[in-house]
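# Close look at the chain arrangement
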Amino acid sequence: MSNGTEITVIGNLVDEPELRWTPNGAAVAKFRVASTPRKFNRDTNAWEDDKDGALFLSCSVWRQAAENCAESLQKGMRVIVQGRLKQRSYEDREGVKRTVFEVDVEDVGPSLKMATARVEKASRGAGGQGQGQQQGGGSRSGGWGGGQGPAQDSWSSGGGQQGQQGGWGGGDEPPF
């Protein structure tokens, strides 16, 4: 049984991801995503944002993904967020009952619709726990730590198929 409704949202980060740690050392990053539908205006012959239909969602991502998110994402970036939609009700300072929707993020990344990104595998801490302990030259080194350099890393070396020239083993076409 699911612990909430699965949702995928594509939108722009409204603010910088805020990275914090719980008292027991788990990292959590919080950010907000605005998803604004677009509609075609035939009068102006242009696409426009539907400001009335904008959806703003607060998002939380945990542990190593939180640290990666805080290091990789910035305000204004278009992102794809997948996780569980949760509803929470509360009473504000004036006594008004409010309901908010939040996403407990399982996965997040940049949208490549209008941007490019270079993916680098993050280093893992001791025992693979990802508690902020970096080995092997830091989180942007491209290695896993523990003595393995990028030459042994199938992500950074292309698994032996991508050559030193940046091609696919000498040919112009990828091997698929």
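The paragraphs below set out a description of the structure included in this document. (Residues numbered from 1 in each chain as written. Predicted model: local features only at pLDDT ≥ 70, side-chain atom pairs only at ≥ 80, totals over all residues. Heavy atoms only, no water.)

### So, the overall build of the protein
When you go through the protein residue by residue, the secondary structure sums to 2 helices and 8 strands. Taken from N to C terminus, the helices and strands of the protein fall in the order β-β-β-β-β-β-α-β-β-α. By residue count, 24% of the 176 residues in the protein fall in the buried class. If you take every contact in the protein between residues at least 6 apart in sequence, the share linking residues at least 24 apart comes to 52%. Working note: accessible area of the protein is about 12400 Å², and carbon and sulfur atoms make up 48% of it. (Helix = DSSP H or I, 4+ residues; strand = E, 2+ residues; numbered from the N terminus. Buried < 20%, exposed > 50% of the residue type's maximum accessible area, 1.4 Å probe, protein only. Contact = heavy atoms within 4.5 Å. Areas by Shrake-Rupley, 256 points an atom, 1.4 Å probe, with all protein chains shown as cover.)

### As for the environment of M77
Positionally, M77 belongs in the loop between α1 (63-72) and β7 (78-91). Residues M77 and L13 lie 64 residues apart in sequence; the distance between their C-alpha atoms is 5.6 Å. Setting aside residues no more than four positions away along its own chain, M77 makes contact with G11, N12, L13 and S72.

### Topic: the side chain of S111
The residue S111 is located in the loop between β8 (97-110) and α2 (154-157) in this model. Judged by its relative accessible area of 7%, S111 falls in the buried class. For S111, the side chain forms a polar contact with the main-chain nitrogen of K113, separated by 3.3 Å. Sequence-distant contacts of S111, defined by excluding residues within four places in its chain, comprise R78, V79 and I80. (Polar contact = N/O pair within 3.5 Å; in protein donor to acceptor, adjacent residues only side chain to side chain.)

### Side note on the pattern of salt bridges
Inspection of the entire model under this criterion finds 7 salt bridges. Linking R20 and E18 is a salt bridge whose minimum nitrogen-to-oxygen distance equals 2.4 Å. The class for R20 is exposed, based on a relative accessible area of 52%. Judged by relative accessible area, which is 38%, E18 ranks as partly exposed. For D92, the salt bridge goes to R98, with nearest N and O atoms at 3.1 Å. (Salt bridge = Lys/Arg side-chain N within 4 Å of Asp/Glu carboxyl O.)

### Considerations on the environment of I7
Inspection of the secondary structure assignment puts I7 in strand β1 (residues 5-13). In this structure, the C-alpha to C-alpha distance between I7 and L85, residues 78 residues apart in sequence, is 6.2 Å.

### Regarding the environment of C59
Note on placement: C59 falls in strand β6 (residues 55-62). C59 gets classed as buried once you look at its relative accessible area, which sits at 3%. Each C-alpha atom of the pair C59 and V105 lies 6.4 Å from the other, and the pair is 46 residues apart in sequence. In contact with C59, not counting residues within four places along its chain, are A29, K30, F31, V33, V81, V103 and V105.

### So, the pairing of strand β5 (residues 46-49)
Both strand β4 (residues 38-41) and β5 contribute to a ladder of 4 bridges, which runs antiparallel. Residue N41 lies in a different strand from β5, and its bridge partner there is A46. (Pairing = 2+ DSSP bridges.)

### Comments concerning unusual backbone geometry
The phi torsion at N45 lies on the positive side, around 60°, for a residue other than glycine. Within the secondary structure layout, N45 lies in the loop between β4 and β5. A positive phi is found at R63, a non-glycine position, where the angle reads about 60°. Tracing the chain through its elements places R63 in helix α1.

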